[in-house]
Amino acid sequence: MKLLRFGELGAEKPGLVDDDGQIRDLSAHVDDITGTTVTPEALDRLRAIDPTSLPRVDADTRIGACVGSVGKLIAIGLNYADHAAEANMALPEEPIVFFKATSSICGPNDAIEIPRGSTKADWEVELGVVIGTRAKYVSEADALSHVAGYCIVNDVSERDFQLHRSGQWVKGKSHDTFAPMGPWLVTADKVADPQNLAMSLSVNGQTMQDGSTRTMHFSVATVISHLSQFMTLHPGDVIATGTPPGVGMGQKPQVYLGEGDSMVLSIEGLGEQRQTCIAAHS
């Protein structure tokens with residue numbers, strides 16, 4: 001299934017995409033797409049619904065983040081061998097883990113705010129993993145059984161805040177709108193191999209990132225197992241698993257986002273995001 005949330009910011013409704021690409025309203029069956037909606041039992045109930053019995057949604061309706069009420073938004077740094085090379089950094093021995101504030105989550109096509117004082121706003125197309133069942137001390141062999149589905153995440157970053165403002169990377173990762181998510185949560189049964197997905201990102205029509213999840217240093221299963229040794233993962237938690245090469249910081253000379261710039265992101269089978277950059281507002 002392809003699940004999504006639609007409607008005005010803060011008042012999104014649950015929906016799914018039918019075989020014809022039409023959005024259908026799930027409001028009569030569930031209140032929202034959250035951790036309680038993405039457990040195996042809940043997903044089975046949704047699969048039993050005939051999509052043609054659901055009301056159609058206007059194609060022009062705003063699409064929200066594909067998961068609501070996210071408990072944890074966890075991200076993995078330097079997780080692609082070719083991205084580490086462009087950053088001139090050694091591959092880590094263990095996954096580099098950081099958090100993005102959940103208040104940074106927004107819809108896949110919402111405007112991206114350039115923060116006040118920003119000089120190095122950057123892009124990162126990433127495979128997002130949505131947890132479907134509680135995971136604590138899980139093995140790599142069992143890890144993927146805890147996945148509800150996958151989505152696109154743009155791990156927008158302010159590199160100066162991230163690297164030069166002291167402390168953890170979270171400062172450069174958590175501005176409002178720095179985590180567009182969606183358009184869809186594609187359930188795990190529809191993703192044959194999360195380690196073989198083409199992914200791309202363009203800025204102002206120029207392709208900047210053109211990679212594949214094949215070059216991940218730590219696989220999705222490894223990341224989930226590793227995280228579960230340190231914290232319990234709950235249904236609805238989201239993991240952004242790293243980015244391939246082509247970020248602004250890796251360009252020669254470096255290139256960063258400014259007002260009016262536009263981005264288009266895609267991951268094979270997971271849809272497309274489109275964003276335009278604007279100045280931050282209060």
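Residues numbered from 1 in each chain as written. Predicted model: local features only at pLDDT ≥ 70, side-chain atom pairs only at ≥ 80, totals over all residues. Heavy atoms only, no water.

## Looking at the pattern of salt bridges
And then number 1: Per the stated rule, a full pass over the model turns up 14 salt bridges.
And then number 2: The residue Asp237 makes a salt bridge to Lys72 at a minimum N-O spacing of 2.8 Å. With Asp237 in the loop between α5 (220-228) and β16 (238-240) and Lys72 in the loop between α1 (40-47) and β4 (73-77), this residue pair connects regions lying 165 residues apart in the sequence. The same class applies to Asp237 and to Lys72, which are both buried.
And then number 3: As a salt-bridge pair, Lys173 and Glu124 come within 3.3 Å of each other at their nearest N and O atoms. In this pair, Lys173 sits in the loop between α4 (159-164) and β12 (179-180) while Glu124 sits in the loop between β8 (121-122) and β9 (125-131), placing the two residues 49 residues apart along the sequence.
And then number 4: On the basis of relative accessibility, which here comes to 6%, the residue Glu124 falls in the buried class. (Salt bridge = Lys/Arg side-chain N within 4 Å of Asp/Glu carboxyl O. Helix = DSSP H or I, 4+ residues; strand = E, 2+ residues; numbered from the N terminus. Buried < 20%, exposed > 50% of the residue type's maximum accessible area, 1.4 Å probe, protein only.)

## Looking at the pairing of β9
And then number 1: Burial of β9 is extensive: 7 of the 7 residues sit out of reach of the surface.
And then number 2: The side-chain alternation of β9 yields two buried faces, one formed by Val125, Leu127, Val129 and Ile131 and the other by Glu126, Gly128 and Val130.
And then number 3: Of the pairings in the sheet, the one linking β9 to strand β10 (residues 147-154) comprises 7 bridges and is antiparallel in character. Residue pairing for β10: Leu127 is matched across the bridge by Ile152.
And then number 4: Pairing between β9 and β16: 3 bridges, direction antiparallel. Directly across from Gly128, in β16, lies its bridge partner Ala240. (Pairing = 2+ DSSP bridges.)

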